[in-house]
Amino acid sequence: MIIDSHTHVDEVEAWGWTDPPEAIISLMDEAQIEKAVIMTYRDADRPGDPATMYIRSAVQKYPERLIGYVRINPHGPGALDALDEAIGVFRMKGLKLHPVSYLGFPYEEATLRLMRRAAEYHAPVLFHTGDEAFALPEQVAEAARRCPEATVIMAHLGGYAHFEAVLALADELPNVLVDTSAIPYPWVIRQAVDAFGPERVLYASDGPGCLPALEVEKVRLAGLTKHEENLVYFENINRILLGVQHDI
Amino acid sequence: MTFDLRTFIGESFDGRKQNVEDLLRSMDELKIDMALVCPFRPLSYNLHEANLSLAGVIAKHADRLLGAVRIDPWQPDAPKILQRGVEEHGCRALFLNPWEEHFRADTPRLDPLLQRLNTYHIPLIITTGYPWLSEALQVCSLALQWPEIPIVMTNGGQINISGLGQADATLALHKAPNLYIETAGVYRQDFLEETLQMFGPGRILYGSGVPYFDQRYELLRAKYLKATREQINAILGENTLKLLGLGRSIPN
């Protein structure tokens, strides 16, 4: 059983990224992935935002395969209401933040406000985390530090050159988890399991741009035990998703 | 035929190391026939020593390994080092690392070196994707200045976990037909596949960058491409054989 904890569906002509839900479904089938968490490339900034509605429509079309996260620009005029709509009304399961796309520091108040609300739902906050300004592990860590009630997932394990900074956070920030997507180093997944414990590492592909089947192979090359693999591929994200409360 | 375009032997100043036995063992396990080997930048910062040491190792395994000469363009005798590397030690490529040797990919400082390289008809492999120094469009600028030199951008011409380096890498390939990309660490499989669709398989070369990357995983990256068997064979090795001019003597 595998649940992919970070994939995308969206159609953004400006970036040349056209990924309807069928694209990720096909790649999930190829990789024998049962379910996937989906999010857009665009950031929603108000209730009824087309980005949120795209996710809602995809989940309605494939309810047995796809699980929705809402992706929000914290500076949007209706950011908080967009989160309430997505999780409270549309029953989505988490919040995605990509500070590079909306150019906001992870630790500033608008973002923290959204994180606090997500925490009220017990919904995870998935941060794009990598080598660029606005998404450095140190910046995302400060957000996690200021909002200890939120479950923060650092995507990509810090990217090409910042994985050591992510690994160093394991003991200090118990509310931080990591996902395995995109980072091209299998051995860092082993290091992450050792540093964070196997309960805080989530399999993710960042598909369809990244190939889910190849991302599955990457985790296999990390040298995890069967017990650790089960946690990483499925049990950890399943536990988090089951904990989300939609009525608060 | 599988040819790993970029591997390293020796010990780097940053603590990474790989000896020839480990490299050959890994190649055997993965059925990689040949590899191009680059020297690390050693703790002494003396690339001349590193090149000499590598040449000695390569000479003993000439059936499996070819060498690339690594040069710091700030050194005044850079063209002579290239000459020695190619004519005395049989190196088949020039390897430049702007990030570790601290220069802009399109600096005029490279001119004497590339004038010399231009006479050998062998490629330049340049580490690409590093901010300030070797972004794809900076390497493109270099390629446009030297249109007869095949230039390979490592890492698909980008090191960007947001995917925002793809457009520049693609633009660079459009502008400079002498540019190629190597596959190491290109986490976006769709970028490789779109490059294949746009430019054909001839501009893509399998390289692992081991030990900076995992040779097993990097090989899978190439093998998992949604492409024909012929296209994958070209990427895995045939393109590199042509680019390195195997079977062709090098003028001196």
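Conventions and cut-offs
Residues numbered from 1 in each chain as written. Chains lettered and ligands numbered in written order. Predicted model: local features only at pLDDT ≥ 70, side-chain atom pairs only at ≥ 80, totals over all residues. Heavy atoms only, no water. Core = buried A, V, L, I, M, F, W, Y, C linked by side-chain atoms within 4.5 Å. Buried < 20%, exposed > 50% of the residue type's maximum accessible area, 1.4 Å probe, protein only. Pairing = 2+ DSSP bridges. Helix = DSSP H or I, 4+ residues; strand = E, 2+ residues; numbered from the N terminus. Contact = heavy atoms within 4.5 Å. Axes fitted to C-alpha atoms, helices over the stretch in contact; angles between N-to-C directions. Right-handed = clockwise from strand over helix to strand, strands pointing away. Salt bridge = Lys/Arg side-chain N within 4 Å of Asp/Glu carboxyl O. Patch = residues over 30% accessible without salt bridge, like charges linked within 9 Å, V, L, I, M, F, W, Y side chains within 5 Å. Areas by Shrake-Rupley, 256 points an atom, 1.4 Å probe, with all protein chains shown as cover. 1 Å grid on protein atoms, 1.4 Å probe; cavity = no way out; pocket = protein on both sides within 12 Å on 5 of 7 lines; lining within 4 Å. Points joined across faces, edges and corners; volume = space filled by probe spheres on them. Nonpolar A, V, L, I, M, F, W, Y, C, P; charged D, E, K, R; others polar. Buried area = accessible area lost by both parts, 1.4 Å probe. Polar contact = N/O pair within 3.5 Å; in protein donor to acceptor, adjacent residues only side chain to side chain.

1. Focus on the nonpolar core
With 99 residues, the main nonpolar core has Ile72, Leu95, Met115 and Leu157 of chain A together with Leu36 of chain B as its most contacted residues. In terms of nonpolar packing, the next biggest core, distinct from the first, is built from 60 residues, Leu65, Val86, Ala172 and Leu225 of chain B among them.

2. Thoughts on the sheet that holds strand S8 (residues 179–182) of chain B
All names here are of chain B. The strand order S2-S1-S3-S4-S5-S6-S7-S8-S9 describes an open sheet built from nine strands, whose pairing is mixed. Each edge of the open sheet carries a strand with a single partner, namely strand S2 (17–18) and strand S9 (204–205). Two strands pair when backbone bridges link them, and strand S7 (residues 151–153) and S8 are joined in this way by three bridges, in the parallel orientation. Bridge pairing links methionine 153 to isoleucine 181 in S8. Contacts between helix H7 (residues 166–175) and the sheet are confined to S7 and S8, with S8 contributing the most and set at about 145 degrees to the helix.

3. Some remarks on the pairing of strand S9 (residues 176–179) of chain A
All names here are of chain A. Judged by which residues are buried, S9 turns out to be covered on both faces: Val176 and Val178 on one side and Leu177 and Asp179 on the other are all buried. Pairing analysis gives three bridges linking strand S8 (residues 152–154) to S9, with the strands arranged parallel. Bridging from a neighbouring strand, isoleucine 153 pairs with leucine 177 of S9. Pairing of S9 with strand S10 (residues 201–202) involves two bridges; the strand directions are parallel. Bridge pairing links aspartate 179 to leucine 202 in S10. Of the crossover connections in this fold, the one passing from S9 over helix H8 (residues 186–196) to the parallel S10 is right-handed.

4. Focus: the pattern of salt bridges
Residues and elements named next belong to chain A. Summed over all chains, the structure comprises 31 salt bridges over all chains. In this structure, the salt-bridge partner of aspartate 247 is arginine 91, at a minimum N-O distance of 4.0 Å. Of the two residues, aspartate 247 is situated in the segment after helix H10 (226–242) and arginine 91 in the loop between helix H3 (79–89) and strand S6 (94–97); the sequence distance between them amounts to 156 residues. Its salt-bridge partner being glutamate 229, residue lysine 226 comes within 3.9 Å of it at the nearest N-O pair. Of this pair, lysine 226 and glutamate 229 both sit in helix H10, three residues apart, which is roughly one turn of the helix. A residue is classified by how much of its surface remains accessible, and lysine 226, at 58% relative accessible area, is exposed. Because the salt bridges share partners, they merge into one network encompassing Glu142, Arg145, Arg146 and Glu172.

5. What about the sheet that holds S9 of chain A?
Residue and element names in this part refer to chain A. Strand order in the open sheet formed by eight strands is S1-S4-S5-S6-S7-S8-S9-S10, and the pairing between neighbours is parallel. Two strands close off the open sheet at either side, each with one partner strand: strand S1 (3–8) and S10. Contacts from helix H5 (residues 109–120) reach S6, strand S7 (125–127) and S8 within the one sheet, and its direction differs from that of S6 by about 160 degrees.

6. Points about the pairing of S1 of chain A
Residues and elements named next belong to chain A. Burial analysis of S1 places six of its six residues in the buried class, the great majority of the element. By the bridge criterion, four bridges tie S1 to strand S4 (residues 35–39) in an arrangement that is parallel. In the strand pairing of S4, threonine 7 is matched with isoleucine 38.

7. Considerations on a nonpolar patch on the surface
Taken together, the side chains of Phe13, Leu43 and Tyr45 of chain B define a hydrophobic patch exposed on the protein surface, amounting to about 340 Å² of accessible area. Owing to a relative accessible area of 67%, leucine 43 of chain B belongs among the exposed residues under this scheme.

8. Some details on the layout of surface pockets
Here the largest pocket is characterised by a volume of approximately 920 Å³. Lining the largest pocket are 34 residues, and of these Tyr160 and Ala161 of chain A together with Trp99, Tyr130 and Ile159 of chain B lie nearest its centre. Residue assignment for the lining of the largest pocket shows that the elements contributing at least two residues are helix H7 (163–167) of chain A together with strand S1 (3–11) and helix H4 (98–101) of chain B. Within the lining of the largest pocket, the residues separate by chemical class into 16 nonpolar, nine polar and nine charged. Estimates place the volume of the second largest pocket at around 380 Å³. Around the second largest pocket, the lining is made up of 19 residues, and of these Val59, Pro63, Leu66, Ile67 and Lys93 of chain A lie nearest the centre.

9. Structural notes on the interface of chain A and chain B
With 28 residues of chain A at the interface, the matching set in chain B holds 25 residues. Contact between chain A and chain B buries roughly 2,200 Å² in total, counting both sides, with carbon and sulfur atoms accounting for 65%. Between the two partners, chain A and chain B, sit one salt bridge. Across the pair glutamate 30 of chain A and lysine 226 of chain B runs a salt bridge whose closest N-O atoms are separated by 2.7 Å. Between the two partners, chain A and chain B, sit eight residue pairs in polar contact (both at pLDDT 80 or more). At the level of secondary structure, the elements contributing two or more residues to the side of chain A that touches chain B comprise helix H1 (21–31), H8 and helix H9 (212–220) of chain A. For the side of chain A that touches chain B, the residue count by class is 15 nonpolar, seven polar and six charged.

10. Some words on empty space enclosed by the protein
Residue and element names in this part refer to chain B. Summed over the entire model, instances satisfying the criterion amount to two cavities of 30 Å³ or more. The computed volume of the largest cavity comes to approximately 100 Å³. Forming the walls of the largest cavity are His48, Asn51, Leu52, Leu54, Ala55, Ala68, Val69, Ile81, Arg84, Gly85, His89 and Cys91. Among the elements of the structure, helix H2 (47–60), strand S4 (65–70) and helix H3 (78–88) are those that each provide at least two residues to the lining of the largest cavity. Among the elements that make up the lining of the largest cavity, the one with the highest residue count is H2 (five residues). Each residue belonging to the lining of the largest cavity can be placed in one class, and the counts come to seven nonpolar, four polar and one charged. One number sums up the size of the second largest cavity: a volume of about 30 Å³. Forming the walls of the second largest cavity are Leu54, Ala55, Ile58, Gly67, His89 and Cys91. It is H2 that provides the largest number of residues to the lining of the second largest cavity, a total of three residues. A breakdown of the residues in the lining of the second largest cavity according to their chemical character gives four nonpolar, two polar and no charged.

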